[in-house]
Every structure is written in structure tokens, then in C-alpha cells.
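# Working through the structure, step by step
Each chain is listed here by its residues.
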Amino acid sequence: EFLIRAMAKAQRRSPRKLHLDVMGSGPLEPGLKDLARELKLGSQVNFHGAMAHPQVLETLDEAQLFSLPSVTAADGDMEGIPFSIMEAMAAGLPVLVTRHSGIPELVEEGVSGRIVPERDVEALAEALLDLLSRPQDWAEMGRQGRKRIEEQFNGPKLDSELVQLYEQLSDGFPRPHD
């Protein structure tokens, strides 16, 4: 909802026609489709629904920016660090996200993307316009995001580091006998 509203605000001030691909589906989808029509963005917002992983990667490969404005649910439920943001960064995309849960541990403000407060449509629109005004920075932001994923969120690398940590910790303990 917040990204669609921000896109409508940004579109009024942007010289370029904006396009949004929404990947995934869920119970909020019908209302989001209605909102896109209400804000006269119907043809600019493409709802893909559930997608197979190869299709997700293809869509990310064709994208210029990625956004996931996560919010805390009414019951207090929060995401940790969304895998979709990691995938977008691994694909070399600049990201536009919210200051939510562990996301600021992943995205470096101004380096690999932009971070705005949750539920702040105006801040989201401003950050989107800022990113759109600087396409010359997208490649470097994408490189920095991919580098961060490779260095700090790489599964095999983290597994190896965990094994090394366990080995270090177990060095001081007696080993069971056969």
C-alpha cells in the first residue's frame, strides 16, 4: 500500500513514466489492485502473483530498483531480514526499504540503497524521486549491495565461520572417548 501511494506521489513529479512489478500474492492483493486503479496507476502496476524462483530472478534482472517497504503488523509481528531484499541486492539492484527490524543491518543508507521510516509515504516518495534522479549511482549502489551480501550474508561462508567458531569453542573441552 505504502509503495503504491508513494509511486503515485512520485509519478506526479517525475518526468519519466514509472512502472511497478509486484511479485507475490496474498490476502491484501485485491485491495492493492483497487488502490492502484483508484490512484490511476492501473497500467503502471503489474501484479504478477506467485512466481517460480527463476521468474523472480528474471524479473529482478530486468528491474532498475527494488523496494520492500516492510511495516510492523498491528499485532506487533515483524519480519527479520527479508530474503527478498537480499536477493535484490545479490542481483545488483539499489534498494528502497524501511527502517524495520533487522533491515538496517543489511542495507547501508546511501551506499546500497535508501532507508525510510515505516508507513511514511512522503519519505518513501522523496527517496524514490532521489533514486530516480541519480541513475548514474545505481550501478555503484548495486555493486555495494552485492558486495555486502557476498561478505556478510553468504550462506556457505557463514556456515564455515560457524563451524570454525564451534571448533574454537570445543578446543577447551574434553572429547568423548570411542
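So, how was this worked out
Residues numbered from 1 in each chain as written. Predicted model: local features only at pLDDT ≥ 70, side-chain atom pairs only at ≥ 80, totals over all residues. Heavy atoms only, no water. Helix = DSSP H or I, 4+ residues; strand = E, 2+ residues; numbered from the N terminus. Buried < 20%, exposed > 50% of the residue type's maximum accessible area, 1.4 Å probe, protein only. Contact = heavy atoms within 4.5 Å. Areas by Shrake-Rupley, 256 points an atom, 1.4 Å probe, with all protein chains shown as cover. Core = buried A, V, L, I, M, F, W, Y, C linked by side-chain atoms within 4.5 Å. Patch = residues over 30% accessible without salt bridge, like charges linked within 9 Å, V, L, I, M, F, W, Y side chains within 5 Å. Salt bridge = Lys/Arg side-chain N within 4 Å of Asp/Glu carboxyl O. Lys, Arg positive; Asp, Glu negative; His and termini not counted. Charge placed at Lys NZ, Arg CZ, Asp CG, Glu CD.

### Some details on the overall build of the protein
A count of helices and strands for the protein gives eight helices and five strands. Counted from the first residue to the last, the protein has its helices and strands arranged as α-β-α-β-α-β-α-β-α-β-α-α-α. Expressed along its principal axes, the backbone C-alpha trace of the protein runs to roughly 70 × 40 × 30 Å. The burial tally for the protein puts 36% of its 178 residues in the buried class. The contacts of the protein with a sequence gap of at least 6 include a subset with a gap of at least 24, amounting to 62%. Only carbon and sulfur atoms are counted for the fraction: they give 53% of the accessible area of the protein, which is about 10600 Å².

### Things to note about the nonpolar core
Ranked by internal contacts, the top residues of the largest apolar core, which has 28 residues, are Ile 4, Leu 20, Val 45, Phe 47, Leu 96 and Leu 124. In terms of residue count, helix 6 (residues 121–132) provides more of this core than any other element does, eight residues in total. Those residues in contact with Ile 4, other than ones at most four positions away along the chain, are Leu 20, Leu 32, Leu 35, Ala 36, Leu 39, Leu 41 and Phe 47. Membership of the second largest hydrophobic core comes to 16 residues, among which are Met 51, Ala 88, Met 89 and Ile 103.

### Re unusual backbone geometry
Even without being a glycine, Ser 101 presents a positive backbone phi close to 45°. If you trace the backbone, Ser 101 turns up in the loop between strand 4 (95–98) and helix 5 (103–106). A positive phi angle, close to 60°, is found at Arg 119, a residue other than glycine. Positionally, Arg 119 belongs in the loop between strand 5 (113–116) and helix 6.

### Re a negative patch on the surface
On the surface, a cluster of negative charge is contributed by Asp 21, Glu 58, Asp 61 and Glu 62. Ranked by residues supplied to the negative patch, first place goes to helix 3 (residues 53–62) with three residues. Looking at where Glu 62 falls in the secondary structure, it is placed in helix 3. Residue classification places Glu 62 among the exposed residues on the basis of a relative accessible area of 59%.

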